[in-house]
Amino acid sequence: MFGDVHAVLFDLDGTLIDSAPDLGAAADKMRTDRGLPSLPPAQYRPMAGAGARGMLGVAFNVAPDDPGYDALREEFFVNYENCMTQRTYAFEGVSDLLQALVLKGLPWGVVTNKASRFTDPLTRAMPLFASAATVISGDTTPHAKPHPEPLFEAARRLGVSAGRCVYVGDDERDIVAGLAAGMGTVAATYGYLGQQSDIGQWRAHAAIHSPLQLLNLLNCA
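Presented here is a report on the structure given in the accompanying data block. (Residues numbered from 1 in each chain as written. Predicted model: local features only at pLDDT ≥ 70, side-chain atom pairs only at ≥ 80, totals over all residues. Heavy atoms only, no water.)

## Some thoughts on the packing of helix α4 (residues 69-83) against helix α6 (residues 116-125)
It is at 11 Å that the axes of α4 and α6 come closest, and there the two elements cross at 5°. One way to sum up the angle between α4 and α6 is to call them roughly parallel. Taking contact as the criterion, the partners of E74, F77, V78, Y80 and E81 in α4 are, on α6, R117, F118 and L122. Within the contact of α4 with α6, the residues separate by chemical class into 5 nonpolar, no polar and 3 charged. (Axes fitted to C-alpha atoms, helices over the stretch in contact; angles between N-to-C directions. Helix = DSSP H or I, 4+ residues; strand = E, 2+ residues; numbered from the N terminus. Parallel < 35°, antiparallel > 145°, perpendicular 65-115°, else oblique. Contact = heavy atoms within 4.5 Å. Nonpolar A, V, L, I, M, F, W, Y, C, P; charged D, E, K, R; others polar.)

## Details of the nonpolar core
Judged by nonpolar contacts, the single largest core of 55 residues is most densely connected at F10, F76, L101 and L218. For this core, the element with the highest residue contribution is α4, accounting for 6 residues. Those residues in contact with F10, other than ones at most four positions away along the chain, are T15, L16, L97, L98, L101, W108, G109, V110, V111, Y167, V168 and L214. Counting 15 residues, the second largest nonpolar core, distinct from the first, contains L158, V160, C165 and Y167. (Core = buried A, V, L, I, M, F, W, Y, C linked by side-chain atoms within 4.5 Å. Buried < 20%, exposed > 50% of the residue type's maximum accessible area, 1.4 Å probe, protein only.)

## Remarks on the sheet that holds strand β8 (residues 206-208)
On the basis of which strands lie adjacent, the open sheet formed by 6 strands has the order β5-β4-β1-β6-β7-β8 and parallel pairing. The sheet terminates laterally at β5 (134-136) and β8, the two strands that pair on one side only. Strand-to-strand twist in this sheet, taken as the mean axis angle between neighbours without regard to direction, amounts to 25°. Relative to strand β6 (residues 165-169), strand β1 (residues 7-10) runs parallel, the two being bridged by 4 bridges. In the strand pairing of β6, L9 is matched with Y167. Helix α8 (residues 172-180) rests against β6 and β7 (184-188) of the sheet, and its axis sits at about 170° to β7. (Pairing = 2+ DSSP bridges.)

Here you go:
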């Protein structure tokens, strides 16, 4: 799956960037605004990949089908918009990884379930994404991961066959989508991993424990 790669696609949160501190802060502000005690960041971190659903679940033990959830979610979104670049940073090695891909002539892009409401300003604000050939958000196509359509759309925009792409992600949904798209799949074990941390069950073609290990898989080291 890694012998003739023409492009590399990445999930965003938990794969390229660590946004857990800002996501957790947005939810925790909702608690302190209500006079509730602040929770430690470590409680929010494992669920950062689940976005609003994960953060609100930690902060208030609520689920999407609970009464009042939609209002809480919008409040969380507003908080996050106001802080989403304050504490977010690229994982160590990501910048060097992306530079190496560019030097090798391999286009790279992002496929995330994060809505464009957040993805667009975030990627514009971080110089890291200046060399990205495409950015696909959760609402770019009618479907979000684990559906493969966002990955197909990214491949189309890059002018590359999906079967010549590799997709890297830290959530089981990433691997399911990548497999369905016929892409080489790589599990990023340094990411959030969600509640299911047995990545062996994901059936990814490979796993990496740091971003730069991807270069060895692609024979770019």
